[in-house]
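# Tertiary structure, described
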Amino acid sequence: MFVRTAGDRDLAAIRALLVETWHATYDAIYGAERVTKITDEWHSTASLKTKMTRPNSEFLVADDGKRISGVAFAEGIDGGELVVLKQLYVLPGLQGRGIGGMLLDEIIESFPEARAIRLEVEGRNTHAIAFFEANGFVRSGDAGEHTGAAGETTLVYHRPLAG
Ligand SMILES: CC(C)(COP(=O)(O)OP(=O)(O)OC[C@H]1O[C@@H](n2cnc3c(N)ncnc32)[C@H](O)[C@@H]1OP(=O)(O)O)[C@@H](O)C(=O)NCCC(=O)NCCS
């Protein structure tokens, strides 16, 4: 398994991974219909392609040589002082094998100047919250609705970095 920068040739595989992982993770929270609407919008190949060229950002995939098993996207803001982790997703069947940890480590190494990393996670996504807390993140606030799903609170987590 290795982590590398995503390229145009990965777009279809990244979209398929995000659709499968979003349904597995969020159908129980938002319902399958809403998840389909969100992934059609957010994870279209056109929308994913724009991320490939976003300045001060990293778009990474975990690749085992045969298929893409995980994806991560993050952007540096505030002059590079803060990294915002926007996406971290591992195929449902491959979770719990260290892939998410590898992608997170690579994202952090990609922003050596940063003093902290920030992310938002759904309050009911207890599995991801446990992962982030196990990897040094602490809750630092609420961000209100994330995808407009009424009543769903999004939590903000931070982790200080050596930077
Ligand atoms: C959250 C997610 C990215 C974590 O990736 P993963 O590959 O499953 O996690 P890893 O196997 O790399 O876990 C790394 C370490 O985190 C810790 N960890 C992982 N999941 C954990 C959990 N549920 N509870 C406690 N600790 C956990 C463990 O310490 C683990 O290290 P170890 O296996 O050496 O003990 C992945 O499970 C996922 O894609 N979930 C669905 C989508 C999602 O919720 N993404 C985040 C949206 S904000």
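What comes next is a walk through the structure. (Residues numbered from 1 in each chain as written. Predicted model: local features only at pLDDT ≥ 70, side-chain atom pairs only at ≥ 80, totals over all residues. Heavy atoms only, no water.)

## A closer look at the nonpolar core
In terms of nonpolar packing, the biggest core is built from 47 residues, with Ile 14, Phe 59, Val 71, Leu 85, Leu 103, Ile 107 and Ile 117 touching the most fellow members. Sorting elements by how many residues they give to this core places helix H1 (residues 11-30) first, with 8 residues. The residues contacting Leu 85, other than those within four sequence positions of it, are Phe 73, Ala 74, Leu 104, Ile 107, Ile 117, Arg 118, Leu 119 and Phe 132. (Core = buried A, V, L, I, M, F, W, Y, C linked by side-chain atoms within 4.5 Å. Buried < 20%, exposed > 50% of the residue type's maximum accessible area, 1.4 Å probe, protein only. Helix = DSSP H or I, 4+ residues; strand = E, 2+ residues; numbered from the N terminus. Contact = heavy atoms within 4.5 Å.)

## Things to note about the site of the ligand
Within the structure, the ligand sits among 23 residues, and Val 90, Gly 96, Gly 98, Gly 101 and Asn 125 are positioned closest to it. Between Ile 99 and the ligand, the recorded distance is 3.5 Å, taken from a backbone N or O atom to an oxygen atom. Between the ligand and the protein, one listed contact pairs an oxygen atom with a backbone N or O atom of Gly 101 at 2.7 Å. In the complex, the protein chains occlude 72% of the 920 Å² of accessible area that the ligand would expose alone. More than half of the atoms belonging to the ligand lie within 2 Å of the grid points that define the largest pocket. (Near = heavy atom within 4 Å. Polar contact = N/O pair within 3.5 Å; in protein donor to acceptor, adjacent residues only side chain to side chain. Areas by Shrake-Rupley, 256 points an atom, 1.4 Å probe, with all protein chains shown as cover. 1 Å grid on protein atoms, 1.4 Å probe; cavity = no way out; pocket = protein on both sides within 12 Å on 5 of 7 lines; lining within 4 Å. Sits in = over half its atoms within 2 Å of the grid points.)

## Let's talk about the environment of Ile 29
Here Ile 29 lies in helix H1. Relative accessible area serves as the criterion here: at 14%, Ile 29 is assigned to the buried category. With 94 residues separating them in the primary sequence, Ile 29 and Gly 123 have C-alpha atoms 9.9 Å apart.

## Points about the packing of aromatic side chains
Summed over all chains, the structure comprises 7 aromatic pairs. Judged by centre distance (5.5 Å) and plane angle (70°), the rings of Phe 59 and Phe 73 are edge-to-face. Here Phe 59 is found in strand E2 (residues 57-63), whereas its partner Phe 73 is found in strand E3 (residues 68-77), with 14 residues between them in sequence. Phe 59 gets classed as buried once you look at its relative accessible area, which sits at 5%. The exposure class assigned to Phe 73 is buried, which follows from its relative accessible area of 0%. Judged by centre distance (5.4 Å) and plane angle (75°), the rings of Phe 132 and Phe 137 are edge-to-face. The class for Phe 137 is buried, based on a relative accessible area of 2%. (Phe/Tyr/Trp six-rings, centres within 6.5 Å; stacked < 30°, edge-to-face > 60°.)

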